[in-house]
Amino acid sequence: MRAREACRDACSSEAAAPYADASCEFEMLAMSKNPDPNPFGNPRWSKDLAVCDPRRLSSANLSGVLFMKLAMRLMSSMRSPMRPLWAAGLAALGALAAAAASAQPLPTATPESVGMSTERLGKITAMLTQEVADKKLPGAVVMVARKGKLVYSQAFGGLNDAAGAQMKPDSMFRLYSMTKPLVSTALMMLVEDGKVQLTDPVSKFLPSFKNPMVSVGTLDPVFNSVGFKLVPANREPTIQDLLRHTSGLAYGELTRNTLVRDAYIKAGVYKPTLDYDARDLPGAQMVEGLGKAPLAQQPGTYWEYSLSVDVQGRVVEAVSGKRLGDFLQERLFGPLKMVDSGFFVPAGKSARLAEAFSKDPATGADNKLVDVSKQPGNDSGGAGGVGTAGD
């Protein structure tokens, strides 16, 4: 909460008064030591202000990039049901285009020259310094940019608590769900290329998704219990459904639909011992298993955070004929000079990888993170990326 207040305070300062007619976006991107696919809970979107709520910063003991970006005039005119998707995609593109990567850093400026406050940005420094001192957060990298100018860049705390290494601006992190907007951007590139239509059924590219079944809840009035039964889907999920999380897919870690969860365990796309990591499976095997599993909802009827973006990655591969990471390198990472982005950390960069506390200070539970030391069996579009604050 303090980080959000500090950034919003800086944006609402007297120095920002000339820009009062524009909407001000604040986003915090982070990797959790005890990750879930959306470490801040569901984003709350308002008419003029897009906020990824960081209230779980301390309780989840986030270990990773804490990236704060203040940008003007984004999303204020969007009204459609897909607005959260486009907000996430455009926010990601803004961060990418304004990357403070070492290969091509942003021009710097004084905060006041772009309508921000040096004094109020200083509250971020004080807050995160205290979080690190209190052992609530191992470390963080924070960058604040506005109007294409970098006005704040700081590294806090430790990179690897066990080794005693310090965090640096080019430290690398597991991106977890911030991989999603990168992969959705790749899919939308193929839409722009005319190779994919939003209305295309997923089965056009991944045949195992043809004629799906849906697991629907039933109430037993005698025993007052809920069960599930399989019924045919009203229609097949489309590319648009994948992009807006209305495909009927779920996360085994989150769903309460027992038929879906059990099918995901059988397919190997959900492992109760390590959340959000099915990267050991070859992409084709993952798709085959998901295609045989029932959907948790009728396609197009409900929003549910899910493996949809992992499937987007498989669509990108099927259409392009390239591994997802190679496609992103060619079309996104390379052109934008995102020199440290990918799906694993090469051996030569491993010393820059940030690690979590061995145990969660809030619960005492062991922190289990995905292994990014080698190329995975599949490039996970939902939670498998790595990168830096600059990228």
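Each chain has its residues counted from 1, following the order in which its sequence is written. Only residues with pLDDT of 70 or above have their local features reported here, since the model is predicted, and side-chain atom pairs are shown and tallied only from 80 upward, although totals for entire chains, interfaces and linings are computed over all residues. Think of the side-chain values as coming from all heavy atoms in the structure, minus any hydrogens and water.

(A) Quick look at the overall build of the protein. A run of H or I in DSSP counts as a helix once it spans at least four residues, and a run of E counts as a strand once it spans at least two, with each numbered from the N terminus. Each helix and strand counted, the protein has 9 helices and 11 strands in total. Type-normalised accessible area, obtained with a 1.4 Å probe on protein chains alone, sets the label of each residue: buried when under 20%, exposed when over 50%, and partly exposed for intermediate values. The 391 residues of the protein split such that 54% are buried. By definition in these notes, contact holds between two residues if any of their heavy atoms fall within 4.5 Å. At a minimum sequence separation of 6, the contacts of the protein that also span at least 24 residues come to 75%. Shrake-Rupley sampling with a 1.4 Å probe provides the accessible areas, and residues are treated as covered by the protein chains on show and by no other component. About 17000 Å² of surface is accessible on the protein, with carbon and sulfur atoms providing 54% of the total.

(B) Looking closely at the pattern of salt bridges. Each reported salt bridge corresponds to a side-chain nitrogen of Lys or Arg within 4 Å of a carboxyl oxygen of Asp or Glu. All told, the structure shown has 15 salt bridges when counted by the stated rule. Asp 193 serves as the salt-bridge partner of Arg 331, at 3.0 Å between the closest nitrogen and oxygen. With Arg 331 in helix α9 (residues 324–333) and Asp 193 in the loop between α4 (180–192) and β9 (213–220), this pair connects stretches of sequence that are 138 residues apart. Here Arg 331 falls in the partly exposed class, since its relative accessible area comes to 30%. Of the residues examined, Asp 193 reaches a relative accessible area of 36% and is grouped as partly exposed. Its salt-bridge partner being Glu 317, residue Arg 314 comes within 2.9 Å of it at the nearest N-O pair. With Arg 314 and Glu 317 both in helix α8 (residues 308–320) and 3 residues apart, this pair spans about one turn of that helix. Residue Arg 314 shares its accessibility class with Glu 317, and that shared class is buried. Residues joined by salt bridges that share partners form a network here, namely Asp 170, Asp 340, Lys 349 and Arg 352.

(C) Focus on empty space enclosed by the protein. Cavities and pockets are defined on a 1 Å grid built over the protein atoms alone: a cavity is a set of grid points where a 1.4 Å probe fits but cannot escape, while a pocket is an open set with protein on both sides within 12 Å along at least five of seven lines, and lining residues are those with an atom within 4 Å of any such point. Grid points are joined across faces, edges and corners, and a volume is the space filled by probe spheres set on the points. Inspection of the entire model under this criterion finds 6 cavities of 30 Å³ or more. If you add up the space inside the second largest cavity, you get close to 110 Å³. Lining the second largest cavity are 14 residues, and of these Tyr 276, Asp 277, Ala 278, Leu 307 and Asp 310 lie nearest its centre. Gly counts as polar in this scheme, as do all residues outside two lists: the nonpolar Ala, Val, Leu, Ile, Met, Phe, Trp, Tyr, Cys and Pro, and the charged Asp, Glu, Lys and Arg. Broken down by class, the residue content of the lining of the second largest cavity amounts to 7 nonpolar, 3 polar and 4 charged.

(D) Quick look at a nonpolar patch on the surface. A cluster of nonpolar residues, Met 213, Leu 230 and Leu 259, forms a patch on the protein surface that exposes about 230 Å² of accessible area. The residue Met 213 is located in strand β9 in this model. On the basis of relative accessibility, which here comes to 34%, the residue Met 213 falls in the partly exposed class. Put simply, a patch holds well-exposed residues, over 30% relative accessible area, that have no salt bridge, with like charges counted together within 9 Å and Val, Leu, Ile, Met, Phe, Trp or Tyr side chains within 5 Å.

(E) Region of interest: the pairing of strand β8 (residues 172–176). Most of β8 is tucked away, with 5 of its 5 residues classed as buried. The criterion for strand pairing is that DSSP finds at least two bridges linking the strands in question. Bridge count for β8 against strand β11 (residues 385–388) is 4 bridges, and the pairing is antiparallel. Paired with Arg 174 across the bridge in β11 is Val 386.

(F) Fine view of the environment of Thr 258. By secondary structure assignment, the location of Thr 258 is in helix α6 (residues 258–267). C-alpha of Thr 258 to C-alpha of Gly 217: the two residues are 41 residues apart in sequence and 9.7 Å apart in space.

(G) Spatial organisation of the nonpolar core. Buried residues of nine kinds, namely Ala, Val, Leu, Ile, Met, Phe, Trp, Tyr and Cys, make up a nonpolar core once their side-chain atoms join them within 4.5 Å. Counting 58 residues, the largest nonpolar core has Tyr 264, Val 269 and Leu 290 as the members making the most contacts within it. Among the secondary structure elements, those contributing two or more residues to this core are β8, α4, α5 (239–244), α6, α7 (283–292), α8 and α9. Top element by residues in this core is α4. It accounts for 8 residues.

(H) Representation of the packing of α7 against α8 in the model. An axis is simply a line fitted to the C-alpha atoms; with a helix, the fit covers only the stretch in contact. Between two such axes, the angle follows the N-to-C directions and lies from 0 to 180 degrees. Their axes nearest at 11 Å, the elements α7 and α8 cross at an angle of 125 degrees. One way to sum up the angle between α7 and α8 is to call them oblique. In this structure, α7 crosses over α8, and the sense of that crossing is left-handed. In this structure, α7 uses Gly 283, Met 286, Val 287 and Leu 290 to contact α8, whose residues at the interface are Asp 310, Val 311 and Arg 314. Across the contact of α7 with α8, the residue classes break down as 4 nonpolar, 1 polar and 2 charged. Roughly parallel means an angle under 35 degrees; roughly antiparallel means over 145; roughly perpendicular covers 65 to 115; every other angle is labelled oblique. We call a crossing left-handed when the near helix sits turned anticlockwise from the far one by less than a right angle, and right-handed when that turn is clockwise.

(I) Just the sheet that holds strand β5 (residues 139–146), in detail. Strands sit in the order β5-β6-β7 across an open sheet of 3 strands; the sheet is antiparallel. Each having just a single partner strand, β5 and β7 (165–166) make up the two edges of the open sheet. Sheet strands touched by helix α3 (residues 118–133): β5 and β6 (149–160). Its angle to β6, the strand with the most contacts, is close to 5 degrees.

(J) Summary view of α4. Between the first and last C-alpha of α4 there are 18 Å, a value that for 13 residues agrees with the 18 Å anticipated at 1.5 Å per step. In terms of burial, α4 is a largely internal element, 12 of the 13 residues being buried. Looking only at α4, the buried set comprises Lys 180, Pro 181, Leu 182, Val 183, Ser 184, Thr 185, Ala 186, Leu 187, Met 188, Met 189, Leu 190 and Val 191. Gly 194, located one to two residues past α4, shows a positive phi value of around 80 degrees. The span one expects for a helix is its residue count, reduced by one, times 1.5 Å.

(K) Local environment of the side chain of Gln 298. Topologically, Gln 298 is positioned in the loop between α7 and α8. We call two N or O atoms a polar contact when they sit within 3.5 Å, provided that within protein one can donate a hydrogen and the other can accept it, with sequence-adjacent residues counted only if both atoms are side-chain atoms. A polar side-chain atom of Gln 298 sits 3.5 Å from the main-chain carbonyl oxygen of Pro 232. Within the structure, Gln 298 has its side chain in polar contact with the backbone nitrogen of Asn 234 (distance 2.7 Å). Residues in contact with Gln 298, not counting those within four places in the same chain, are Val 214, Val 231, Pro 232, Ala 233 and Asn 234.

(L) Seen up close, the side chain of Ser 341. Tracing the backbone shows Ser 341 in the loop between α9 and β11. Beyond its immediate sequence surroundings of up to four residues, Ser 341 is in contact with Gln 329, Phe 333, Val 386, Gly 387 and Asp 391.

(M) Geometry of unusual backbone geometry. In this structure, Asn 211 is a non-glycine residue whose phi angle is positive, near 50 degrees. In this model, Lys 337 sits at a positive phi of 55 degrees, which is unusual for a non-glycine residue. Of the residues examined, Lys 337 reaches a relative accessible area of 38% and is grouped as partly exposed.

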